[in-house]
Amino acid sequence: MNVIFALVLILSTVVLIFVSPDSLLSAMLNGGNKALNLTVKMVVIYAVWLGVFEMLSQSGLAKKFASILKPVNNRLFGQLPEQANNYMSLNISANILGMSGATTPMGIKSIQELEKHPNTEYAIAMFFVINATSVQIIPSSVLALRTAMNSLSPSDVILPTILSTLLSTVIGVLLVKIFIKKKC
C-alpha cells in the first residue's frame, strides 16, 4: 500500500510540475498549513482532557470513580488488582468522553499492572476489546475535527456514534465471553 501511495504522490507531483508548477508549491504549503493548524487544535483538546484526568487523579476523585466502577469492572474482567482497576476506570471514562488518543497512557499502565498477576489473560483480552470498541457518549475528537473544519452541524454525529459504539462494544464483549474462558 505504501508503494502505491508513493507512486501516486510522485506521479501527481511530476504532472503538476509540468502542468501548473506554481499551484504545486501553493498546494503543498496550503496542505501543510492546514495540517499544522489541525494538529495544534487537537493537541490543545488533548491537553485539556489530560489535565482534567490528572486533576481527577490528584484530587482522589479518580479512586472514588474507580470504586464506583469496581462492581462493573469485576463483572466484566473478573477480580482486578486495585491499581489496574483505577487505570482501567480512567481509560474507560476517557473513551466514553471520546478521547481515544488520551486513553493510551492509562491503557498501557493498566495492561502493565495486569501482566504482573497470574491468570489475567481474560481480563487483558476483554479490556482490549472494550478499549478498541469504546462506547462514546461524547465523541470529543470527532466533534473537534468537525468544528475545526467548519462543519455546519458538528454535533450530528453524537447519536450515530453512541449507537454504533454501543453495538460494537456489546458484540465484542459477547464474543470474548464466548471464545475466551475466564480463569478464576
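Residues numbered from 1 in each chain as written. Predicted model: local features only at pLDDT ≥ 70, side-chain atom pairs only at ≥ 80, totals over all residues. Heavy atoms only, no water.

(A) Focus on the environment of Met 42. For Met 42, the location among the structural elements is in helix H2 (residues 21–59). C-alpha of Met 42 to C-alpha of Ile 68: the two residues are 26 residues apart in sequence and 30 Å apart in space. (Helix = DSSP H or I, 4+ residues; strand = E, 2+ residues; numbered from the N terminus.)

(B) Region of interest: helix H8 (residues 158–179). Helix length check: H8 (22 residues) gives 31 Å between terminal C-alpha atoms against 32 Å at 1.5 Å per residue, within 8%. Looking only at H8, the buried set comprises Thr 161, Thr 165, Thr 169, Gly 172, Val 173 and Val 176. Buried positions in H8, seen along its axis, are confined to an arc of 100° and lie on one side of it. Along H8, the residues that are exposed and aim more than 90 degrees away from the buried face are Leu 159, Leu 163, Leu 167 and Ile 178. Its buried side turned inward, H8 meets helix H3 (61–77) and helix H6 (121–133). (Expected span 1.5 Å × (residues − 1). Buried < 20%, exposed > 50% of the residue type's maximum accessible area, 1.4 Å probe, protein only. Arc of directions from axis to C-beta. Contact = heavy atoms within 4.5 Å.)

(C) Quick peek at helix H1 (residues 2–19). With 18 residues, H1 should cover 26 Å at 1.5 Å per step; its first-to-last C-alpha distance of 25 Å lies within 8% of that length. Burial of H1 is sparse: only 0 of the 18 residues sit out of reach of the surface.

(D) Geometry of unusual backbone geometry. Here the phi dihedral of Asn 119 falls at roughly 55°; this positive angle occurs in a residue that is not glycine. Positionally, Asn 119 belongs in the loop between helix H5 (104–115) and H6. You can call Asn 119 partly exposed: its relative accessible area is 43%.

(E) The arrangement of the confidence of the model for the protein in detail. Mean pLDDT over the protein stands at 85; residues scoring 70 or higher make up 97%. Looking at the elements of the protein, mean pLDDT is at its lowest for helix H7 (residues 140–148), recorded as 80, and at its highest for H8, recorded as 93. (pLDDT = per-residue confidence, 0-100.)

(F) Structural view of the nonpolar core. With 14 residues, the main nonpolar core has Phe 77, Leu 80, Met 88, Leu 114, Met 126 and Ile 130 as its most contacted residues. At the level of elements, helix H4 (82–96), H6 and H8 are the ones that each hand at least two residues to this core. Aside from chain neighbours lying at most four places away, what touches Met 126 is Leu 76, Phe 77, Val 173, Val 176 and Lys 177. Counting 5 residues, the second largest nonpolar core, distinct from the first, contains Phe 53, Leu 90, Ala 94 and Met 106. (Core = buried A, V, L, I, M, F, W, Y, C linked by side-chain atoms within 4.5 Å.)

(G) Structural view of the packing of aromatic side chains. On inspection of all chains with the given rule, the structure shows 1 aromatic pair. A ring pair is formed by Phe 77 and Phe 127, whose centres lie 6.2 Å apart and whose planes are at 65°; its orientation type is edge-to-face. In this pair, Phe 77 sits in helix H3 while Phe 127 sits in helix H6, placing the two residues 50 residues apart along the sequence. The burial state of Phe 77 is the same as that of Phe 127; both residues are buried. (Phe/Tyr/Trp six-rings, centres within 6.5 Å; stacked < 30°, edge-to-face > 60°.)

(H) Looking closely at the packing of H3 against H4. Running from amino to carboxyl end, H3 crosses H4 at an angle of 95°, the nearest separation of the two axes being 8 Å. The orientation of H3 with respect to H4, classified from their angle, is roughly perpendicular. Touching Ala 62, Lys 63, Phe 65, Ala 66, Leu 69, Lys 70, Asn 73 and Phe 77 of H3 are Asn 85, Asn 86, Met 88, Ser 89, Leu 90, Ile 92 and Ser 93, all from H4. Class assignment of the residues belonging to the contact of H3 with H4 gives a composition of 8 nonpolar, 5 polar and 2 charged. (Axes fitted to C-alpha atoms, helices over the stretch in contact; angles between N-to-C directions. Parallel < 35°, antiparallel > 145°, perpendicular 65-115°, else oblique. Nonpolar A, V, L, I, M, F, W, Y, C, P; charged D, E, K, R; others polar.)

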